[in-house]
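Summary of structural features
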Amino acid sequence: ERPTPACKSYAVSMSCDFTKKVEDILATLHIRPKYGIGLSVADENRIAALGIPTLIVGPSGAGSHTCDEWVDVRSLEALKDIYKTIIEKW
């Protein structure tokens, strides 16, 4: 039980132009995405529920939304370059 209910799961087709374009850009950085589906009340889930293709490109870490949550600083530094490349190549 939680005060904010989880959204329905969503999936963006791996053959969708949006997904393929991001995947192609990540390939130039030798990054192979991991795909999955989960329940969430996060912003991306709310956006996807509106029919807007949504992918999560985030840092490495663990313990989301707990007192033990952490994010790997090196992965944040790499993420900056990933976002920059996606923007430049879009």
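Residues numbered from 1 in each chain as written. Predicted model: local features only at pLDDT ≥ 70, side-chain atom pairs only at ≥ 80, totals over all residues. Heavy atoms only, no water.

1. Some details on the nonpolar core
Counting 6 residues, the largest nonpolar core consists of V22, I25, L26, L79, I82 and I86. Beyond its immediate chain neighbours, meaning those up to four positions away, I86 contacts V22, I25 and L26. (Core = buried A, V, L, I, M, F, W, Y, C linked by side-chain atoms within 4.5 Å. Buried < 20%, exposed > 50% of the residue type's maximum accessible area, 1.4 Å probe, protein only. Contact = heavy atoms within 4.5 Å.)

2. Describing the pattern of salt bridges
Applying the stated criterion to the full structure yields 2 salt bridges. With its nearest N and O atoms 3.8 Å apart, the salt bridge here joins D72 to R74. A residue is classified by how much of its surface remains accessible, and D72, at 23% relative accessible area, is partly exposed. Of the charged contacts in the structure, one is a salt bridge between K80 and D81, with a shortest N-O distance of 3.7 Å. We classify D81 as partly exposed; its relative accessible area is 41%. (Salt bridge = Lys/Arg side-chain N within 4 Å of Asp/Glu carboxyl O.)

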